[in-house]
Each structure stands twice: as structure tokens, then as C-alpha cells.
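Chain by chain, the residues:
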Amino acid sequence: MVQKVVELCSFEKLSNLEVNKTGKYDLMDKFEIENRSFFRKGTVGDWKNYLTPEMAARFDQISEQKWKASGLSFNVTSS
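Draft legend 1. Seen up close, the overall build of the protein chain. Counting its secondary structure elements, the protein chain contains 4 helices and 2 strands. Overall, the protein chain shows an N-to-C arrangement of helices and strands of α-α-α-β-β-α. Burial statistics for the protein chain: of 79 residues in total, 9% are counted as buried. Contacts in the protein chain between residues at least 24 apart in sequence constitute 20% of all its contacts with a sequence separation of at least 6.

Draft legend 2. Spotlight on the pairing of strand β1 (residues 24–27). Bridging between β1 and strand β2 (residues 31–34) involves 4 bridges; their strand directions are antiparallel. Bridge assignment links Lys 24 to a residue of β2, and that residue is Glu 34. Hairpin remark: β1 followed by β2, antiparallel, with 3 residues in the connecting loop; positive phi at Met 28, about 55 degrees.

Draft legend 3. Layout of unusual backbone geometry. Positive phi, close to 55 degrees, is recorded for Met 28, a residue that is not glycine. Within the secondary structure layout, Met 28 lies in the loop between β1 and β2. Here Asp 29, not a glycine, exhibits a phi torsion of approximately 55 degrees, which is positive. Relative to the helices and strands, Asp 29 resides in the loop between β1 and β2. Taking relative accessible area as the criterion, Asp 29 reaches 70% and is therefore assigned exposed.

Draft legend 4. A look at the packing of aromatic side chains. Enumeration according to the criterion identifies 1 aromatic pair in this entry. On the numbers, 6.4 Å between centres and 85 degrees between planes, the contact of Tyr 25 with Phe 38 is edge-to-face. With Tyr 25 in strand β1 and Phe 38 in the loop between β2 and α4 (53–67), this residue pair connects regions lying 13 residues apart in the sequence. The class for Tyr 25 is partly exposed, based on a relative accessible area of 42%. Here Phe 38 falls in the exposed class, since its relative accessible area comes to 53%.

Rules used throughout
Residues numbered from 1 in each chain as written. Predicted model: local features only at pLDDT ≥ 70, side-chain atom pairs only at ≥ 80, totals over all residues. Heavy atoms only, no water. Helix = DSSP H or I, 4+ residues; strand = E, 2+ residues; numbered from the N terminus. Buried < 20%, exposed > 50% of the residue type's maximum accessible area, 1.4 Å probe, protein only. Contact = heavy atoms within 4.5 Å. Pairing = 2+ DSSP bridges. Phe/Tyr/Trp six-rings, centres within 6.5 Å; stacked < 30°, edge-to-face > 60°.

These results come straight from atomic positions and should not be treated as a statement about function.
Here it is, written out as C-alpha cells:
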């Protein structure tokens, strides 16, 4: 069962769904965003092409704060 969920939630599966290739998201009746905009290459480290080091640090800080109550911890190392 867990393996099936993992497969259904994989980058390849989600990015290849027809709705994510051609569908659009209507943001508060003001903006229309193509669903494919939510998917990039799916390549490890590609975030560096989109986020500055400061943005990444802020993202890590917010994520750690939000997940703190779950008991999960993140050991982030830069490469």
C-alpha cells in the first residue's frame, strides 16, 4: 500500500498527468496560472537556479519552524 502511494505521488506521475500539462489554476479570479508552472525539472539542486542563498535560508527556517511540533528534524547540508 505504501509503495503504491509513493508511486502515485512521484514527480514523474504527477508531472505527466494531463491536468498538470494543460490545466490552469484560477487565483482569486484575478490571475490564471498554468498548472505546468508548478513543475520544473525534478532535478536535485535545481532550486539554485531559482532561489538566492538568502531565499533558501529563509525557506529552511520557515520549514523547520512549521515542522517542529512533528518531532521531525532536518539536517541540511550545502553541496
